[in-house]
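# Fold and geometry: a report
Chain by chain, the residues:
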Amino acid sequence: MGRYVLRRTLLLGVTLLITSVVVFALTQVLPGDIATLNTSQFASEEFKEAFREERGLNEPVPVQYVTWLTSFVTGDWGNSFNRGNPEVRPLVLDRLSNSLRLAGMTLLIAIPVSILLGVVAALNEDSWLDSIISIFSLSVVGLPEFVTGFVLIEIFANNLGWFSSTSTSIPDGGSLTGWLDVLILPALTATLVLLAYITRMTRAGVIDELKKSYVRTATLKGLPQRKIIFKHVLRNALLPTITVIAISIGWLIGGLVVIERVFNYPGLGRELVTAVQSQNIPMIQAIVMLIILTFALANLAADVLYAVLNPRIRLE
Amino acid sequence: MTEQHPIIEAQSVYIDYRLKKEWLNVIHDVSLSINPLEIHGLVGESGSGKSTLALALMNYLAANARVREGSITFAGENLLAKSTQQMRGIWGSRINLVPQDPLASLNPSYTIGDQIGEITRRHKNLSRQASQERALEMLKKVKIADPDDVLNRYPHQLSGGMLQRVTIAMALSTQPQLLILDEPTTALDVTTQAVILDLFRELIQDNNAAALYVSHDLGTVAQLCDRVTVLYGGEVMESAPVHDLYANPINPYTIGLLASLPQHASETRETRLNTIAGVQPSLAERPTGCVFADRCPVVIDQCREHKPPLETMPDGRLMRCWRWPELERNELGLDRTPIALDTSQEMQDKPVIMQADQVTKTFGEQTLFDRLTGKAFNPVRAVDDVSIQVRAQSTVGLVGESGSGKTTLARCLVALYTADEGNIELCGMDISRELSNRTTDALRNLRMVFQNPNDALNPYHSVGDALGRTLHVLSNGTISRQDKRKRIVELLEAVRLTPEYAKRYPAELSGGEKQRVAIARAFAADPALVVADEPTSSLDVSVQAVILNLLKDLRAQQGAAYLLISHDLDVVAYLSDQIAVMYLGEIVEFGDTEDVYNTPSHPYTEALISAIPSPDPTQKGSEIRLEGDVPSARDIPSGCRFHTRCPRKIGAVCEQQEPPWVNAGDGHFIRCHIPIDELREMQANKTNPLTTEEQA
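### Points about the overall build of chain B
- Summing up its helical and strand segments, chain B has 27 helices and 26 strands in all.
- Counting only C-alpha atoms and orienting by the principal axes, one finds that chain B spans roughly 70 × 65 × 55 Å.
- A total of 696 residues make up chain B; the buried ones form 57% of that total.
- In chain B, of all internal contacts separated by at least 6 residues, the share reaching a separation of at least 24 is 68%.
- Accessible area of chain B: about 28,800 Å², with a carbon and sulfur share of 47%.
- Averaging the coordinates of the 68 positive side-chain charges in chain B and doing the same for the 90 negative ones gives two points 6 Å apart.

And the structure:
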């Protein structure tokens, strides 16, 4: 088991190293001259040259990469190209913590609900209940997030008045209810997207497992149905679902651009789009690296969990 | 003997399955009862409904099945009236199942201890701690090696034989009144099977239980059961005490079934197996007459028009046949023994057609990670320096337990695996170890028939396409369309299929028919050697007989040689001129079939032969039992590879030195330290070797 985790962690390091090259290369091939983009339109050529010199933009590319990577790893993520050149780190970390909160909230809703729906659908395979669950989850996944988002706002914020419709007022230091108020509607919107995937995976997993002989053995041991499903079947059926959830975490951290726009939520995705639009290279690099890191960590966690649940992997 | 009340009694049971909105009748008017302490055998081919019936006796039916009529009484209670909820109190506590495939029947994610303990926690209200103690006690009872260790292991870490012991331990841990054994030894090697059968007998008696033993294997049934019920097409054909049934079968189906067994070499080597013509009727159209009428050799008009009733004969036998009084008096002259056939030509005169020298194949690669961490590299030595030759128009049988490397060797020969080392010569020409370097000629001359015909045929190609494609490739595309069509018809006829089969798809064929097509494909281009890997092990006994006969006929007609791989020594003995016995990647004995079967032989061969369950209940088992499993091919024992399990081990020399390849005369070789004469003497006097200690 230790070997397995060590191995996975080493692989994760290699992955991150390769992606850092790609991230750095991408920012190199972006069109436009960085000095021109980031100085006043009236700046003289000397001023631009000084800007390049100061930022190390005249160094050979490999040197620039190594300089960038070393400072990134040591915690110096550089200064934004925005007005006033604020430091990138505090801003990005703040956005990251917002995104993590939203992702956490989403998973908290999505995982139990969709697993439950998947199990119910599987146990009633091909019945009307199964059809209803399938049709519901597939139809909401088909709707774009700005549609489901606005529908949820209309119902829960405007009509019922249970939650806020926008998230401009992120509570400082955060009272729990304050956070809940802000998070629930965007999290629900993201849940509706994930619901179909996880439900379908769970349903397929449970149906597959129910056909296996060990379920018959468990039944003929006289175990109660509840125990057969929750102890014997789910443990094996959820293995593929875990992978799906881990992959969705990457999307929840960096891909919620539309939802963050609709709810005006200050997450990483929205920040990334703004940074790309203004060619704010230090911001792009930091955000993309963070998204990849979270994604990789989520997958590592999934691999470890997978191994914990599956002795065939753990004991190899 | 006092009047006994049966522990379970089924009376006139009818079971239907709902398929495509129609009810299909799969079990028809079946009655069966089992007394306490009795082991009742339920025999039938696949599709006879034996598993359905066995599970129905537990009141456990598939969601789309129903018991339409009849009653099942268990210990005086009407079982069919009970709800699933009530059944959960009986399952696992009073009626227990020992399932067919122990690996699939255990949850891969929980330890053995947890899974055995679960049943006593549920039914005996034991604490977790107490349930583990009970589990340990049960594991000791089933004589598993290293029970404390097994408790904390997961199913994938144990061998098939150990897993089957685990399921037995589980089933017995609540001391049930009835055990349902659903083909519990099918997945096991013959040596393991023999040990497990001994265990059943012992444990069933110790526990005062009764058992239903479901099997398609007439040999194990003869060895284990007190009474046997023969099922065909969902109907009881005959039910009798085991001695009566085997010594004097009366129902034509039972007679046919027993006659189709390939028995020991000496009696039947040069014979043809009796077969039962035709196939089981489709249950969609259950005949109005006798269900066996279409295949019965003594059928009369009455059989086709009216179904015979299930009658009780004067000796207590249950019988479903109109003609049993005549059959009982043996007036119909039904052949009960295999038919004699011409003897073949002398072995030594035939030229060697395939010669493989010093073939070695290892599996496993050292990963980069292992290399970095400096872990010792330990590959699996599946085939270790093996030489073997096959003569023209002869058959070499290759036998051994699973893990002996016999399939790997075969795959190396046909280049499905690339051997690491070794020379392979075919028809006097060296052929490459690599498939991509083999000439069309080599491919044409060396063909393979696989174990599972279901996987060997592409489901989207019709039979004609499959054969045509092979003909096309092996002729380098030179065959004309007409010739191809003609050849396909010839091939189908050679394997006793009508030309219409060319248009059919694999899904429309039975298992036996698929295997015939696979054999036809192997013979498509007049091969010199056909490697057949367990060609009949996935087939029913009666179908097996048909295929074995077919292989024998084709050898004579087409002049091909076979390398026949099987774990079933009866099958090998029936078809082979010579036998090679493999153990842990090495050939331990080679010789003519008679020589290998007679003394002297390698102690491993001796044990293999002795473990075959005889389909004659009067021949009660043999004395030699191999304990434990084949050691891992990653970690091959020093000296003689067999010394860890050998019942005739003579001492330190076995552990330290590799045994010599001793000539026992007439091309018969044995790899053993014991001098040939001593070996012969020991075996001739039936000196009973001490059974080995349980292996760790």
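Read on for the rest.
### Brief notes about the interface of chain B and chain A
- On the side of chain A, 26 residues touch chain B, which itself brings 33 residues to the contact.
- Here chain B is connected to chain A by three salt bridges.
- Residue K231(A) is joined to E118(B) by a salt bridge in which the shortest nitrogen-to-oxygen separation is 2.8 Å.
- For the side of chain B that touches chain A, the elements supplying multiple residues, two or more each, are β6 (95-98), α3 (102-105), α4 (112-123) and α15 (368-373) of chain B.
- The biggest single contributor to the side of chain B that touches chain A is α4(B), with seven residues.
- Class assignment for the residues of the side of chain B that touches chain A results in 15 nonpolar, ten polar and eight charged.

### Structural notes on helix α8 (residues 176-210) of chain A
- Over its 35 residues, α8(A) extends only 41 Å from the first C-alpha to the last, a length that falls short of the 51 Å expected when each residue adds 1.5 Å.
- At L194(A), α8(A) shows its maximal kink, close to 40 degrees.

### Here we look at the packing of helix α10 (residues 225-254) of chain A against helix α13 (residues 281-309) of chain A
Residue and element names in this part refer to chain A.
- Across the interface, α10 lies against α13 with an axial gap of 8 Å and an inter-helix angle of 170 degrees. Taken as axis vectors, α10 and α13 run roughly antiparallel relative to one another. Of α13, the residues touching α10 (which contributes R235, L239, P240, I242, T243, A246, I247, I249, G250, I253 and G254) are I291, T294, F295, A298, N299, A302, L305, Y306, V308 and L309.
- Among the residues forming the contact of α10 with α13, the class breakdown is 15 nonpolar, five polar and one charged.

### Describing the packing of aromatic side chains
- One pass over the full model with this rule turns up 17 aromatic pairs over all chains.
- Seen from their ring centres, Y65(A) and W68(A) are 6.1 Å apart, and the 40 degrees between their planes marks the pair as tilted. With Y65(A) and W68(A) both in helix α4 (residues 61-73) and three residues apart, this pair spans about one turn of that helix. Each member of the pair, Y65(A) as well as W68(A), is classed as buried.
- Aromatic side chains Y253(B) and F292(B) sit 5.1 Å apart centroid to centroid with 65 degrees between the ring planes, which places their arrangement in the edge-to-face category. Of this pair, Y253(B) sits in helix α11 (residues 252-259) while F292(B) sits in the loop between β11 (271-272) and α13 (301-305); the two residues are 39 residues apart in sequence, bridging distant segments of the chain.
- Classification of F292(B) as buried rests on a relative accessible area of 2%.
- Every member of this aromatic cluster is reached through a ring pair, and the members are F24(A), Y65(A), W68(A), F72(A) and W77(A).
- When the ring centre of Y110(B) is taken as origin, the NZ or CZ atom of K231(A), which lies over that ring, is 4.9 Å away.
- The cationic tip of R504(B) hangs over the ring face of Y501(B); the distance from NZ or CZ to the ring centre is 4.2 Å.

### Describing a nonpolar patch on the surface
- Judged by side-chain polarity, V14(A), I18(A), V22(A), L26(A) and V29(A) come together as a nonpolar surface patch covering roughly 480 Å² of accessible area.
- Within the fold, V14(A) resides in helix α1 (residues 2-29).

### With respect to the nonpolar core
- Membership of the largest hydrophobic core comes to 67 residues, with the highest contact counts inside it found for W68(A) and V92(A).
- Looking at which element gives the most residues to this core, the answer is α8(A), with 13 residues.
- Contact partners of W68(A), with chain neighbours within four places excluded, come to S20(A), V23(A), F24(A), Q285(A) and M289(A).
- Among the nonpolar cores identified, the runner-up in size contains 60 residues, and L224(B), Y253(B), C296(B) and C303(B) belong to it.

### Considering the pairing of strand β3 (residues 39-43) of chain B
Residues and elements named next belong to chain B.
- With five of five residues buried, β3 lies mostly within the body of the structure.
- Side chains I39, G41 and V43 of β3 all project onto a buried face; the interleaved residues H40 and L42 project onto the opposite face, where all are buried too.
- Sheet topology note: the β3/strand β8 (residues 210-215) ladder contains five bridges and is parallel. Counterpart to H40 in the pairing with β8 is L212.
- As paired elements, β3 and strand β9 (residues 227-232) share four bridges and run parallel to each other. Paired with V43 across the strands is V230, a residue of β9.

### Re the pattern of salt bridges
- Throughout the structure, instances matching the rule amount to 42 salt bridges over all chains.
- Here E137(B) ties to R134(B) by a salt bridge, and the two come within 3.1 Å at their closest N and O atoms. Of this pair, E137(B) and R134(B) are both found in helix α5 (residues 128-141), three residues apart, which corresponds to roughly one turn of the helix.
- The partly exposed category is assigned to E137(B), whose relative accessible area is 38%.
- With relative accessibility at 15%, the residue R134(B) sits in the buried group.
- In this structure, the salt-bridge partner of R496(B) is D553(B), at a minimum N-O distance of 3.0 Å. Separated by 57 residues along the polypeptide, R496(B) in the loop between α20 (481-494) and α21 (511-522) and D553(B) in helix α22 (residues 541-558) bring together distant segments of the chain.
- When its relative accessible area of 44% is taken as the criterion, R496(B) is described as partly exposed.
- Overlapping salt bridges, with partners in common, bring together K221(A), K231(A), D114(B), E118(B), R121(B) and R128(B) in one network.

### A few points about the sheet that holds strand β4 (residues 65-74) of chain B
All names here are of chain B.
- Spatial strand order, β2-β1-β4-β5: four strands in an open sheet with antiparallel pairing. Edge positions in the sheet fall to β2 (22-34) and β5 (77-78), since each of these pairs with one other strand and no more.
- When strand β1 (residues 8-19) meets β4, the two strands line up antiparallel, connected through eight bridges. Bridge pairing in β4 places Y14 opposite E69.

### Overview of the confidence of the model for chain B
- Mean pLDDT for chain B: 83, with 90% of residues reaching 70 or above.
- If you check the scores for this complex, the pTM reads 0.75 and the ipTM reads 0.79.

The rules behind the values
- Residues numbered from 1 in each chain as written.
- Chains lettered and ligands numbered in written order.
- Predicted model: local features only at pLDDT ≥ 70, side-chain atom pairs only at ≥ 80, totals over all residues.
- Heavy atoms only, no water.
- Helix = DSSP H or I, 4+ residues; strand = E, 2+ residues; numbered from the N terminus.
- Buried < 20%, exposed > 50% of the residue type's maximum accessible area, 1.4 Å probe, protein only.
- Contact = heavy atoms within 4.5 Å.
- Areas by Shrake-Rupley, 256 points an atom, 1.4 Å probe, with all protein chains shown as cover.
- Lys, Arg positive; Asp, Glu negative; His and termini not counted.
- Charge placed at Lys NZ, Arg CZ, Asp CG, Glu CD.
- Salt bridge = Lys/Arg side-chain N within 4 Å of Asp/Glu carboxyl O.
- Nonpolar A, V, L, I, M, F, W, Y, C, P; charged D, E, K, R; others polar.
- Expected span 1.5 Å × (residues − 1).
- Bend = angle between axes of the 7 residues up to and from the residue.
- Axes fitted to C-alpha atoms, helices over the stretch in contact; angles between N-to-C directions.
- Parallel < 35°, antiparallel > 145°, perpendicular 65-115°, else oblique.
- Phe/Tyr/Trp six-rings, centres within 6.5 Å; stacked < 30°, edge-to-face > 60°.
- Lys NZ or Arg CZ within 6 Å of the ring centre and 35° of its normal.
- Patch = residues over 30% accessible without salt bridge, like charges linked within 9 Å, V, L, I, M, F, W, Y side chains within 5 Å.
- Core = buried A, V, L, I, M, F, W, Y, C linked by side-chain atoms within 4.5 Å.
- Pairing = 2+ DSSP bridges.
- pLDDT = per-residue confidence, 0-100.

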